[in-house]
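Structural overview for review
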Amino acid sequence: MFIGHFAVAFAAKPLAPRRSLGTLFLAAQFIDLLWPTLLLLGIERVVIDPSLSGAPLDFVHYPYSHSLVAVVIWGALVALACLAVTRDRTGALVVGALVISHWVLDLIVHRPDLPLGFWAGPRFGFGLWNWPLAELVLELGMFAAGFAIYLRTASGRNAGIKPWVLAALLVIIQIANTFGPPPPSVDAIAWVGQAQWLLVAAAYWADRPRRGADAAVGTPLHAR
Ligand SMILES: [Zn+2]
């Protein structure tokens, strides 16, 4: 799942209006932002298998980023960090829930590779990736809904064309993921994964009101 995670981040904006879309992106995609670093450090492992449909990846070992226990711990830590920095309790709760939402969404699409904890044991995944077109339709549908919800918020109304640029970029990346060739190497996967930090930066940029839009609403829209 790629764009579906961003869909949930967009949709969460009315629940945490004082938090920037960038923070919501960071939370919804937190464990996929962590994973490339763990890959590069050799702590987690993935194998490219072009015979697999959907994502041609066999997630051999990734308990620290993608086990249910780890995700709950990361969610709590990210929520606490958000609370410490912003004092926004509701925002912190939403941000923590977004981190955990990643595992639930991955559960729908991944083949059974998601562990519960750090120990060896059963692994889970409903495997929607085995039907790549159905999976793509689901993700794009989620994205359209999430983006529409965002556009109805004050930030969405006042940011001008920027959220549309960001949304178009995400759709292009999703289409390339689905129809492009398998990645050439695990290092390439890791570095492309690191590049997702740029999407977080782009979301902070996209969520800022365009010049003059603040006054029209009369509420502070600048949010961390
Ligand atoms: Zn993931």
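In short, a report on the structure. Everything quoted here is computed from the prediction, not taken from an experiment.

Conventions adopted
Residues numbered from 1 in each chain as written. Predicted model: local features only at pLDDT ≥ 70, side-chain atom pairs only at ≥ 80, totals over all residues. Heavy atoms only, no water. Donors = N, O, S within 2.8 Å, 3.2 Å for Na, K, Ca; no water. Tetrahedral: all angles 85-135°; square planar, octahedral: opposite > 155°, others 65-115°. Helix = DSSP H or I, 4+ residues; strand = E, 2+ residues; numbered from the N terminus. Buried < 20%, exposed > 50% of the residue type's maximum accessible area, 1.4 Å probe, protein only. Contact = heavy atoms within 4.5 Å. Salt bridge = Lys/Arg side-chain N within 4 Å of Asp/Glu carboxyl O. Arc of directions from axis to C-beta.

With respect to the coordination of the zinc ion
Only Asp32 (OD), His66 (NE2), His102 (NE2) and Asp106 (OD) from the protein reach the zinc ion as donors, at distances of 2.1 to 2.3 Å. One can describe the site at the zinc ion as irregular: its four donor atoms subtend angles covering 80 to 169° at the metal. The sequence motif formed by the donor residues of the zinc ion is D-x33-H-x35-H-x3-D. Taken together, the residues span a long stretch of sequence, with Asp32 in helix α3 (residues 30-40) and His66 in helix α4 (residues 63-66) at a distance of 34 residues. Across the pair, exposure class does not vary: Asp32 and His66 are buried alike.

A word on the side chain of Thr153
Position of Thr153 relative to the elements: it lies in the loop between α7 (132-151) and α8 (154-158). For Thr153, a relative accessible area of 11% translates into the label buried. For Thr153, the contacting residues outside a window of four places in its chain are Lys13 and Pro14.

So, the pattern of salt bridges
Here the idea is simple: oppositely charged side chains can pair when their charged atoms come close. Scanning the entire structure with this criterion turns up three salt bridges. The partner of Arg18 in a salt bridge is Asp88, and the shortest N-O contact between them spans 3.7 Å. Of this pair, Arg18 sits in the loop between α1 (3-11) and α2 (21-28) while Asp88 sits in the loop between α5 (68-86) and α6 (89-109), and the two are 70 residues apart along the sequence. Classification of Asp88 as buried rests on a relative accessible area of 4%. Its salt-bridge partner being Asp88, residue Arg19 comes within 2.6 Å of it at the nearest N-O pair. Placement of Arg19 in the loop between α1 and α2 and of Asp88 in the loop between α5 and α6 is noted, with a sequence separation of 69 residues between them. The same class applies to Arg19 as to Asp88, namely buried. A single network of salt bridges, built from pairs that share partners, joins Arg18, Arg19 and Asp88.

Section: helix α11 (residues 196-206)
Considered for burial, the residues of α11 that qualify are Gln196, Leu199, Val200, Ala202, Ala203 and Ala206. Viewed end-on, α11 has its buried residues packed into an arc of 160°, placing them on one side of the element. Where α11 is buried, its residues contact α1, α2, α3, α7, α9 (162-179) and α10 (186-194).

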